[in-house]
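A closer look at the structure
Below, each chain spelled out in residue letters.
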Amino acid sequence: MSATVVALVSDLHCNSTTALCPPIVDLDDRGQYHAGPIQRAIWRHWLAYWKAVKTAREGKRLVIVLNGELADNNYHPTTQLVTRNPADMLRLSAEALAPALALLEEDDRVFVTRGTEAHSGGSAYMDETVANDIGATGPGDDLYSHWQLRLDIEGVRFDIAHHPPGGGGRVPWTRGNFAGRLASMAFYEAIERSERPPHLYVRGHVHRPGDSYDLTPVRALILPSWQHTTSYGYRIGGGDLPIGGAIVTCADGRYTVEKLYYNWPRRQYVTV
């Protein structure tokens with residue numbers, strides 16, 4: 001019986017000073033950027049995640065899905081960017097993806113979805129450019145990234161996109177409601193269109209993970225990001241959200257989900 005491991009990660013935000021970044025980045029002007037403590041912690045978890053993927057995929061085919069916002073050129077006024085040079089941004093993102101791409105073998109595949117224009121540029125051109133650079137499988141001969149990605153892997157149907165419709169389930173007591181609502185929407189929309197509903201409905205964007213589990217025949221999985229809270233996040237009271245990715249193992253129409261989510265160290269009180 002064949003089996004395939006699907007590695008799901010979202011919202012990398014490479015080029016943000018609070019997000020995924022290699023320890024040292026060479027810049028276009030021959031200078032260097034050295035990752036800060038937050039970024040070094042994210043990088044350690046990033047390597048641990050791909051080490052787990054390598055273990056999980058032993059003897060199995062691997063499919064990697066990079067669910068949008070691989071590079072970040074935040075158009076909002078902010079000081080929290082490594083560089084404003086698009087060439088540097090794309091190079092940084094490609095270097096950050098090296099541990100993932102190193103796992104790919106002959107029959108493996110990598111897919112990229114398109115994220116928010118506010119981070120990935122008009123028509124998410126940065127996601128498309130990175131997808132082209134790494135040889136991702138696209139929807140056509142001249143396109144390398146997807147707005148919506150629908151896959152059938154070992155009989156398990158995936159519906160993957162960066163943006164979920166509406167809401168974000170920011171508060172703890174409504175987070176499950178948000179994932180459940182997405183699962184119900186996906187299920188009933190498929191029925192209305194006389195389609196087979198997906199088994200897994202995967203989204204990102206909101207940075208706060210969620211899971212509908214077995215609430216409906218569709219399981220909605222909202223992925224965390226690989227970015228710590230930004231100044232904007234503090235302004236809206238986002239808090240220290242977990243980072244990480246999911247590993248889905250598919251075989252004979254069935255699947256298991258392993259969530260490798262990493263929490264930040266416990267916050268300390270200052271005694272005065």
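1. Concerning the pattern of salt bridges
Using the criterion set out here, one finds 9 salt bridges in the structure. The closest approach of N and O atoms between Arg91 and Asp88, which form a salt bridge, is 2.6 Å. Of this pair, Arg91 and Asp88 both sit in helix α2 (residues 86-96), 3 residues apart, roughly one helical turn. Judged by its relative accessible area of 4%, Asp88 falls in the buried class. With its nearest N and O atoms 2.9 Å apart, the salt bridge here joins Lys259 to Asp211.

2. Describing the nonpolar core
Counting residues in each nonpolar core, the largest one holds 45 residues, and the members touching the most others are Leu12, Leu20, Trp46, Tyr49, Trp50, Leu66 and Trp226. Of all the elements in the fold, those that place two or more residues in this core are β1 (4-10), α1 (37-56), β4 (61-67), α2, β5 (109-113), α5 (125-134), β11 (243-251) and β12 (254-262). The element best represented in this core is α1, accounting for 8 residues. Once residues lying within four places of it in the same chain are set aside, the contact partners of Leu12 are Ala19, Leu20, Trp46, Gly68, Glu69, Leu70, Leu97 and Trp226. Counting 18 residues, the second-largest nonpolar core is a separate cluster that includes Phe158, Ile160, Val202 and Leu223.

3. Focus: the sheet that holds strand β7 (residues 156-161)
The mixed open sheet is built from 5 strands, whose spatial order is β6-β7-β8-β10-β9. Two strands lie at the open edges of the sheet, namely β6 (148-153) and β9 (210-211), each paired on one side alone. Sheet topology note: the β6/β7 ladder contains 6 bridges and is antiparallel. Of the residues in β7, the one forming a bridge with Leu151 is Phe158.

4. What about the layout of surface pockets?
What the second largest pocket holds in volume is close to 240 Å³. If you go around the second largest pocket, you meet 14 residues; those closest to its centre are Gln148, Arg150, Asp159, Glu189 and Tyr201. Residue assignment for the lining of the second largest pocket shows that the elements contributing at least two residues are β6, β7, α6 (172-192) and β8 (200-203). The greatest single-element share of the lining of the second largest pocket, amounting to 3 residues, is contributed by α6. Looking at side-chain class alone, the lining of the second largest pocket contains 6 nonpolar, 2 polar and 6 charged residues.

5. Some thoughts on the packing of aromatic side chains
Geometrically, a pair of aromatic rings is defined through the distance of the ring centres and the angle of the planes. In the structure shown here, the tally under the stated rule is 6 aromatic pairs. Taking the centre distance of 5.2 Å and the plane angle of 70° together, the rings of Phe187 and Tyr188 count as edge-to-face. Looking at Tyr188, the relative accessible area reads 52%, which means it is exposed. With a centroid separation of 6.4 Å and an interplanar angle of 50°, the aromatic rings of Trp226 and Tyr262 are classed as tilted. With Trp226 in the loop between β10 (219-222) and α7 (231-235) and Tyr262 in strand β12, this pair connects stretches of sequence that are 36 residues apart. Owing to a relative accessible area of 0%, Trp226 belongs among the buried residues under this scheme. Among the residues examined, Tyr262 registers a relative accessible area of 16% and is labelled buried. Pairwise contacts between aromatic rings join Trp46, Tyr49, Trp50, Trp226 and Tyr262 into one cluster.

Thresholds applied
Per chain, residue numbering runs from 1 following the sequence as it is written. pLDDT decides what is reported in this predicted model: residues at 70 or higher carry local features, side-chain atom pairs at 80 or more are listed and counted, and totals for whole chains, interfaces and linings draw on all residues regardless. Excluding hydrogens and water, the side-chain values take into account all heavy atoms of the structure. The working definition used for a salt bridge is a side-chain nitrogen of Lys or Arg within 4 Å of a carboxyl oxygen of Asp or Glu. Helix numbers and strand numbers start at the N terminus; a helix is a DSSP run of H or I with at least 4 residues, a strand a run of E with at least 2. Burial status follows relative accessibility: with a 1.4 Å probe on protein chains alone, a residue under 20% of its type maximum counts as buried, one over 50% as exposed, and anything between as partly exposed. Nonpolar core, defined: a set of buried Ala, Val, Leu, Ile, Met, Phe, Trp, Tyr and Cys residues in which side-chain atoms within 4.5 Å join the residues together. Residue contacts are defined here by distance: any two heavy atoms, one from each residue, within 4.5 Å place the two residues in contact. By this definition, two strands are paired if DSSP reports at least two bridges between them. Only protein atoms enter the 1 Å grid used here. Points where a 1.4 Å probe fits but cannot escape make up a cavity, open sets with protein on both sides within 12 Å along at least five of seven lines make up a pocket, and a residue lines them when an atom lies within 4 Å of a point. Grid points are joined across faces, edges and corners, and a volume is the space filled by probe spheres set on the points. Gly falls in the polar group here, along with every residue not listed as nonpolar (Ala, Val, Leu, Ile, Met, Phe, Trp, Tyr, Cys, Pro) or charged (Asp, Glu, Lys, Arg). When the centres of two rings from Phe, Tyr and Trp lie within 6.5 Å, Trp using its six-membered ring, the rings pair. Their planes under 30 degrees apart give stacked, over 60 give edge-to-face, and anything left gives tilted.

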